[in-house]
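Residue-level structural notes
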Amino acid sequence: MNSYRVRKFKDRTFSILGLVCVIVAVLPLGSILLEVVVRGAPIISWNFLTQTPGAEGQTVGGIGPSIQGSLILIGLTSLIGIPIGIMSGVFLAEYGDNKYASLMRLFNDVLTEFPSIVAGVTVFLAFVLYFGHFSPLAGSLALSFILIPIVARTTEESIKLVPNSLREASAALGVRRWRTTVSIVIAAAKAGLITGSLLAVARIAGETAPLIMTVLGNSYFFQGFGQPIDALPLRIWRDALQPYPDIQAAGWGAAFVLILVVLTINIGVRLATGGRRGSRR
Amino acid sequence: MDKMPRLMDMGLEKLNSLLLDMATLSQQAVSASIEAYSRGGKGAEVKQMSTRLQSLHRQVSDLSMEMIARYQPVATDLRFLKACLEISYGFFRYGRYALDIAEVLDMFGDLSKCDRKFVVETAHKTQEMIRMSVEAFARRDVEMARKIPKMDDVVDESYRNNLKKMLEEKGNLKCSLSSTLILRYLERIADHATYIGESVEYISTGVEPPA
Amino acid sequence: MQSNHTEKMSSLGLSAWYGEKQALVNVSISMKANSVTAIIGPSGCGKSTYIRCLNRMHELVPKATVTGQVLLDKEDIYGPGVDPVMIRRRVGMVFQKPNPFPTMSIYDNVAAGLKLTGMRRGKSLDDIVKSSLEQAGLWDEVKYDLKKPGTSVSGGQQQRLCIARAIALQPEVILMDEPCSALDPVATAKIEGLMASLKEKYTVVVVTHNMQQASRVADFTAFLYLGKLIEYDETTKIFENPKEDLTERYITGKFG
């Protein structure tokens, strides 16, 4: 009887302890979210989402160019980065049984942990200075540096999860190796590849540092691939530095929109994969 | 590799001991009937023995079938079961022919005036064959089993010679009929002893006798 | 029909290694056309390795090596210039666990071999799929569900689907690596019945740890132990009167 009480007490204690830890971990995230919603949501309107920013200190205007810029950057980055990332991941998983691949895997891991500003500086030195202007292309290139290693990593993990019995089944049918990889292995890992890519996109959507040195920022809608462009994170950063409360409020609004975008991608991934994201690890 | 007991082994042992029981009993039955013939008795106890042998034979065949159904025996096990059915039937027949002899005695009554010497001699050869078949089985002795057919030829010969003699001579009908019948039964017993010998050889070598 | 005892495939002095570890030692077996040959033996005796050498699947394992010959219609499949992929199209294989392609429908699973190898044999794909499923005894059970995923049917049906997938390529030999070990008795009985009908058109080689299965389905049986061929003979002889003491002890369960 007594030992039962002791055990019950211990059980309670650790349950409560666990709960406290969860609260401590979630509290900052919750408060940030709350702050952004409270401050950002009221300012959202059709005009705010579609207009260009107003003149400094006079009218607030909208964040249209930032949204457009972010979408262009995300699109371009995906176009450049996802194919390269997936192909590297497939190579590492399927043909990665040699020292070149392990070297590549090492570089990939280092690149994943790199400060994102370094990607910006690199592109600034190699691309922006060389061509002489900021551009969406330069921004996408910098973001690709961040996206590719993430996509490669998740792709490799997804591909490795494809049971070997499928490769054997295909090989036993007299199917060539590359054909097996394309038609059997990648097809079976498709859900994982999509998930990994979307999560990587969500990650780069919020990147600010590499953009400062590559796209600069702008107050106008897209003006060509040779011109600076705006993006939501840049907008937030710039607005936050302004002394005017109205403009700061616009920054909160932009932050709210950005969080919505990232959240939508994350929730979309959850729904698309039936909540299996966690079990992939 | 130490030997682990198999489920089948218990059944195989049971079969073996049933067959050894049958061997003893059938030997006793044949001896009793021949004793009765040579000493002038009736061999009343043979009836009971024969019935018992029949029931044992049924037990053996039931158990064999059960083991085939349950354990799907192969190799030596399979051959042993197949041979068991043959051998058990042989022992059962020994008892049956012993009973047939006893029935002849019962029907013909007093045979003390007949010359029984030749029949008794043949009977002893047959008994020797029974003993050899039993021993060959008990010890899985292929060498001994292979000696049985030669003696079978001798018994066959005795039966045929006696039959010829009886046809030529005009003797006492009761004596000639009884000796002919009993020799006939002995000849059949000898045949079964030969089959048992062949089955023993089959267990060990897997070689079946030519059809 | 070919006569009953012409040789379709054989191994001559076949040895196989996984790195340093030798899995097969000098195994020579002759497999007759239109018959079922069973390979039996205790776990780790090399029976799966052996069968995987017959369609050059063994070498897909890193560091796996082979010496000796495997003749298919008298030609060495390990000879110079022989493309293993082409051999695998002639020698089909069915695995221990049913492994239909999960992303494909029943129909596409059967058609997969033809589509992915770019082989078409005159007849339309629909006809080939139908006849393959019929030969695998599965057509009546799935004919209205051809668009359903290959993994949506029962384990026994999946295994027959895998057999149909192998048949669709019109192989000459079908290798089966413990095809029933993941199946219940009813599904097992169906696959066994299938083996008997498949041998009319193909040469079947089956690895099994179930001796009763070998005795039921096989015309010839080979017993492997520690990578060596101990005995090879007609199945009836192996199971009624094996020549080797080791075989006797293994099949009667008097081992270790």
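Scroll up for the structure.
Computed from a prediction, not measured in an experiment: that's the story for all the values here. (Residues numbered from 1 in each chain as written. Chains lettered and ligands numbered in written order. Predicted model: local features only at pLDDT ≥ 70, side-chain atom pairs only at ≥ 80, totals over all residues. Heavy atoms only, no water.)

The interface is formed by 27 residues belonging to chain C together with 17 residues belonging to chain A. Interface of chain C and chain A: buried area, both sides summed, is about 1700 Å²; carbon and sulfur atoms make up 66% of it. It is Phe 101, Thr 103 and Leu 116 of chain C that lose the most area in chain C upon contact with chain A, and together they represent 32% of the buried surface on that side. Where chain C touches chain A, the interface holds two salt bridges. Where chain C meets chain A, there are four residue pairs in polar contact (both at pLDDT 80 or more). Elements supplying a minimum of two residues to the side of chain C that touches chain A: helix H2 (84-90), strand E6 (91-94), helix H3 (106-117) and helix H6 (155-167) of chain C. (Contact = heavy atoms within 4.5 Å. Buried area = accessible area lost by both parts, 1.4 Å probe. Salt bridge = Lys/Arg side-chain N within 4 Å of Asp/Glu carboxyl O. Polar contact = N/O pair within 3.5 Å; in protein donor to acceptor, adjacent residues only side chain to side chain. Helix = DSSP H or I, 4+ residues; strand = E, 2+ residues; numbered from the N terminus.)

Attention now moves to the interface of chain B and chain C. Taken together, the contact between chain B and chain C spans 18 residues of the former and 13 residues of the latter. For the pairing of chain B and chain C, the buried interface totals around 1300 Å² over both sides, and the portion due to carbon and sulfur atoms is 51%. For the pair chain B and chain C, the interface holds one salt bridge. The closest approach of N and O atoms between Asp 77 of chain B and Lys 254 of chain C, which form a salt bridge, is 4.0 Å. Summed over the shared surface of chain B and chain C, the number is eight residue pairs in polar contact (both at pLDDT 80 or more). Elements that contribute at least two residues to the side of chain B that touches chain C include exactly helix H3 (75-108) and helix H6 (173-205) of chain B. In terms of residue count, the dominant contributor to the side of chain B that touches chain C is H3 of chain B (six residues).

On to the environment of Met 9 of chain C, then. All names here are of chain C. Summarising the element assignment, Met 9 is placed in strand E1 (residues 7-18). Sequence-wise, Met 9 and Phe 255 are 246 residues apart; in three dimensions their C-alpha atoms are separated by 31 Å. Filtering out sequence-adjacent residues up to four positions away, Met 9 remains in contact with Ile 29, Ser 30, Met 31, Leu 54, Val 70, Leu 71, Leu 72, Val 91 and Val 173.

Under the 1.5 Å per step criterion, the end-to-end length of helix H8 (residues 177-188) of chain A is 15 Å for 12 residues, consistent within 8% with the ideal 16 Å. Within H8 of chain A, burial applies to Thr 180, Thr 181, Ser 183, Ile 184, Val 185 and Ala 187 of chain A. (Expected span 1.5 Å × (residues − 1). Buried < 20%, exposed > 50% of the residue type's maximum accessible area, 1.4 Å probe, protein only.)

Turning to the pairing of strand E7 (residues 173-177) of chain C, a few remarks are in order. Residue and element names in this part refer to chain C. For E7, the tally of buried residues reaches five of five residues, placing the bulk of the element in the interior. Neither face of E7 is open: one carries Val 173, Leu 175 and Asp 177, the other Ile 174 and Met 176, and all of them are buried. Relative to E7, E6 runs parallel, the two being bridged by four bridges. Its bridge partner being in E7, Val 91 is matched across the sheet by Val 173. Once you follow E7 into helix H7 (residues 185-198) and on to strand E8 (residues 203-207), the crossover reads as right-handed. (Pairing = 2+ DSSP bridges. Right-handed = clockwise from strand over helix to strand, strands pointing away.)

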